[in-house]
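# A closer look at the structure
Listed here are the chains, written in short residue letters.
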Amino acid sequence: MDNGPEPPPEAVSRHPTLFRAIRRRRNPRLRRSDITVTDARAVRRAVKAASLGNAMEWFDFGIYAYLAGTIGRVFFPSGSETAQLLSSFATFAVAFLVRPLGGMVFGPMGDKVGRKKVLALTMILMAIGTAAIGLLPTYAAVGFWSPLLLILFRLLQGFSTGGEYGGASTFIAEYAPDKRRGYFGSFLELGTLAGYTGAAGLVTALTAWLGTGTMDAWGWRIPFLVAGPLGIVGLYLRLKLDDTPAYLKLGEGNVHVNEAANSVETTARGDLLRIFRQHWRPLLLCIALVGAYNVTDYMLLSYMPTYLSDELHYTETHGLLILVATMALLMLIINQVGRLNDRYGRKPLLMTGMLGFFLLSAPAFLLVRQGSLLGVSAGMLMLGLSLVCLLGTMSAALPAMFPTSVRYGSLSVGYNLSASLFGGTTPLVITALIGATGSDMMPAYYAMAAALVGVVAVACMKETAQQPLEGSPPSVQTEKEAADMVEARAPTPKF
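Residues numbered from 1 in each chain as written. Predicted model: local features only at pLDDT ≥ 70, side-chain atom pairs only at ≥ 80, totals over all residues. Heavy atoms only, no water.

### Some points on the overall build of the protein chain
A tally of helices and strands in the protein chain yields 23 helices and 2 strands. Evaluated residue by residue, the protein chain yields a buried proportion of 55% over its 495 residues. Considering only intrachain contacts with a sequence separation of at least 6, the fraction spanning at least 24 residues in the protein chain is 86%. When the accessible surface of the protein chain is split by element, carbon and sulfur atoms take 65% of a total near 20400 Å². (Helix = DSSP H or I, 4+ residues; strand = E, 2+ residues; numbered from the N terminus. Buried < 20%, exposed > 50% of the residue type's maximum accessible area, 1.4 Å probe, protein only. Contact = heavy atoms within 4.5 Å. Areas by Shrake-Rupley, 256 points an atom, 1.4 Å probe, with all protein chains shown as cover.)

### Observations concerning empty space enclosed by the protein
Scanning the model with the defined rule gives 4 cavities of 30 Å³ or more in all. Size it by volume and the largest cavity reaches roughly 80 Å³. In terms of lining residues, the largest cavity is bounded by Thr-36, Glu-174, Ala-176, Asp-178, Arg-181, Pro-245, Ala-246, Leu-469, Ser-472, Pro-473, Pro-474 and Ser-475. A breakdown of the residues in the lining of the largest cavity according to their chemical character gives 6 nonpolar, 3 polar and 3 charged. Each pocket or cavity is described by its volume, and for the second largest cavity that value is around 60 Å³. Lining the second largest cavity we find Asn-54, Trp-58, Tyr-165, Glu-189, Thr-192, Tyr-196, Tyr-293, Asp-297, Tyr-298 and Tyr-415. (1 Å grid on protein atoms, 1.4 Å probe; cavity = no way out; pocket = protein on both sides within 12 Å on 5 of 7 lines; lining within 4 Å. Points joined across faces, edges and corners; volume = space filled by probe spheres on them. Nonpolar A, V, L, I, M, F, W, Y, C, P; charged D, E, K, R; others polar.)

### Describing the environment of Phe-159
Residue placement: Phe-159 occurs in helix α9 (residues 145-161). In this structure, the C-alpha to C-alpha distance between Phe-159 and Gly-103, residues 56 residues apart in sequence, is 7.7 Å.

### Things to note about the packing of helix α6 (residues 99-113) against helix α20 (residues 407-423)
At a closest axis distance of 7 Å, the pairing of α6 and α20 adopts a crossing angle of 170°. Relative to α20, α6 is oriented roughly antiparallel. Of the residues in α20, those in contact with Arg-99, Pro-100, Gly-103, Met-104, Phe-106, Gly-107, Pro-108, Gly-110 and Asp-111 of α6 are Arg-407, Tyr-408, Gly-409, Ser-412, Val-413, Tyr-415, Asn-416, Leu-417, Ala-419 and Ser-420. For the contact of α6 with α20, the residue count by class is 9 nonpolar, 7 polar and 3 charged. (Axes fitted to C-alpha atoms, helices over the stretch in contact; angles between N-to-C directions. Parallel < 35°, antiparallel > 145°, perpendicular 65-115°, else oblique.)

### Remarks on the packing of helix α11 (residues 181-219) against helix α19 (residues 373-397)
The interhelical angle for the contact between α11 and α19, taken along N-to-C directions, is 120°, at an axis separation of 7 Å. Here α11 is positioned oblique relative to α19, judged by the angle of their axes. Between α11 and α19 lies a crossing of right-handed hand. On α19, the residues that touch Arg-181, Gly-182, Gly-185, Ser-186, Leu-188, Glu-189 and Leu-193 of α11 are Leu-391, Gly-392, Ser-395 and Ala-396. When grouped by side-chain class, the residues that make up the contact of α11 with α19 number 4 nonpolar, 5 polar and 2 charged. (Left-handed = near helix turned anticlockwise from the far one by under 90°.)

### A few points about the packing of aromatic side chains
One pass over the full model with this rule turns up 9 aromatic pairs. Ring plane angle 55° and centroid distance 5.3 Å describe the contact between Phe-171 and Tyr-175, whose orientation is recorded as tilted. A residue pair is termed a helical-turn pair when its members lie 3 or 4 positions apart in one helix, as Phe-171 and Tyr-175 do in helix α10 (residues 164-175) at 4 residues. In this pair, the class of Phe-171 matches that of Tyr-175, namely buried. For the pair Tyr-183 and Phe-187, a centre-to-centre distance of 5.2 Å together with 90° between the ring planes defines the contact as edge-to-face. Taken together, the residues span about one helical turn, with Tyr-183 and Phe-187 both in helix α11 at a distance of 4 residues. (Phe/Tyr/Trp six-rings, centres within 6.5 Å; stacked < 30°, edge-to-face > 60°.)

### Some remarks on helix α7 (residues 115-134)
Taking 1.5 Å of rise per residue, the 20 residues of α7 would be expected to cover 28 Å, and the 30 Å separating its terminal C-alpha atoms lies within 8% of that figure. Taken across its 20 residues, α7 has 15 buried, putting it largely inside the fold. (Expected span 1.5 Å × (residues − 1).)

### Here's the deal with the environment of Leu-332
Within the fold, Leu-332 resides in helix α17 (residues 316-344). The spatial distance from the C-alpha of Leu-332 to the C-alpha of Leu-190 is 8.9 Å, given a sequence separation of 142 residues.

### Let's talk about the nonpolar core
Counting residues in hydrophobic clusters, the biggest one holds 111 residues, and the most contacted among them are Tyr-66, Leu-289, Leu-301, Met-304, Tyr-307 and Leu-398. The leading source of residues in this core is helix α16 (residues 280-310), at 15 residues. (Core = buried A, V, L, I, M, F, W, Y, C linked by side-chain atoms within 4.5 Å.)

### Focus on a positive patch on the surface
Residues Arg-41, Arg-44, Arg-45, Lys-48 and Lys-240 make up a contiguous surface patch of positive charge. One can find Arg-44 in helix α3 (residues 40-66). (Patch = residues over 30% accessible without salt bridge, like charges linked within 9 Å, V, L, I, M, F, W, Y side chains within 5 Å. Salt bridge = Lys/Arg side-chain N within 4 Å of Asp/Glu carboxyl O. Lys, Arg positive; Asp, Glu negative; His and termini not counted. Charge placed at Lys NZ, Arg CZ, Asp CG, Glu CD.)

### With respect to a nonpolar patch on the surface
On the surface, Tyr-139, Val-142, Phe-144, Trp-145 and Leu-148 cluster together into a nonpolar patch covering about 490 Å² of accessible area. At the level of secondary structure, the elements contributing two or more residues to the nonpolar patch comprise α8 (139-142) and α9. With respect to the helices and strands, Val-142 occurs in helix α8.

### Describing α10
Along its 12 residues, α10 runs 17 Å from first to last C-alpha, staying within 8% of the 16 Å computed at 1.5 Å per residue. For α10, a buried count of 12 out of 12 residues is recorded, marking the element as mostly surrounded by other parts of the structure.

### Some points on the pattern of salt bridges
Tallied over the entire structure, the rule returns 7 salt bridges. The salt bridge involving Asp-440 is made with Arg-369; its shortest N-O contact spans 3.1 Å. Taken together, the residues span a long stretch of sequence, with Asp-440 in the loop between α21 (426-437) and α22 (442-460) and Arg-369 in helix α18 (residues 346-369) at a distance of 71 residues. One connected set of salt bridges, linked through shared partners, spans Asp-111, Arg-115, Glu-174 and Arg-407.

Here it is, written out as structure tokens:
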């Protein structure tokens, strides 16, 4: 931590008692009870529950993106394919409009009643919303009631997702030891990729097996209906866990190293006004980082199959298969990115990813436009490697921006405001830009603009690797580490 300039030696010599008190305040004596020694099995269970739950949430959310063309034909009146696709992507974006509302409700609730209970609730709501879409009547059967009901359950999906990422990333960050927070946090985005891959794989297999006609008739329902049983599994995993050690210690009033304990009572009430007033700087930084990350994420993982089929006339199955292969590769390396950001810092990995999108988006789309399997695969790989630097780092970097007492609420609000403005609108904006300009390079230009914002945001953020979370006690893996830390912070004896 930067404690400011050193005081003049003559001032120290004139007021030794005062400056000893200042040094003690800046670097307080650490007690063994202040340090959390993590239980390796409990950490693994927490990571598994949060990551698998996250995978199921994004499986539910990904299904809609990969069935965008089918949804357009089933739920919206016949017309031009572009109009149907825009209607489908507009409904995709609708879910993001209520994500900030979900974040404002579930985030402060997670700070007040605990991370575990709120994460279980978001899982239930997402499963209900997704399964209900699979049961909806089509436009041909009930007319305008069909898209109206679709929008209603998309809103429920978006509302529940508003409490998911902030809670899941907070859950893992507060369970993980300080020196391995990046590694364990990367499993959360491994779950995201697994959810997207599972959704894309299921849609691809069904489309290849049933054909477009049967998918339009009834096959599209199957992926949505699968969500119900998966939601029950995720709920079971989450309910088996205790709440995070950092949150439990906060409630006990045992935090001595960062924030005064008298701030706990008010922030635990989920005071949104206080979040905006006292934490607006990290909130703005979070919005900028998440905006850049979400544009690039949704451009590649959600929009790309539609781009391949609509602009390059690939079959839907062919485009999805290339995306599945790309995501499978990212899943193999994302945990290594987590290890790297633990070792070298969050900022270098985030900057690598942002600069990768800024410098490589145009060349990548030029390769994709060639239309050959080799060109498309190479372009997707360039974008994927840039994205994995962000995926493997964000879930450790973002929770560390806020103190424990308001972490769930602040992160949920910042993340979902940004996701609403920039993430869910990405497929819609890109489709509209291509339609308005006639240029199929618009996805590259849009990603480059977002990455430039991300570069500035990363340059402004603080490095938090291997440091305790703000407002939480240090977290280590072994008793020896705890003893060494106490000894290092003990005052030097005088003889």
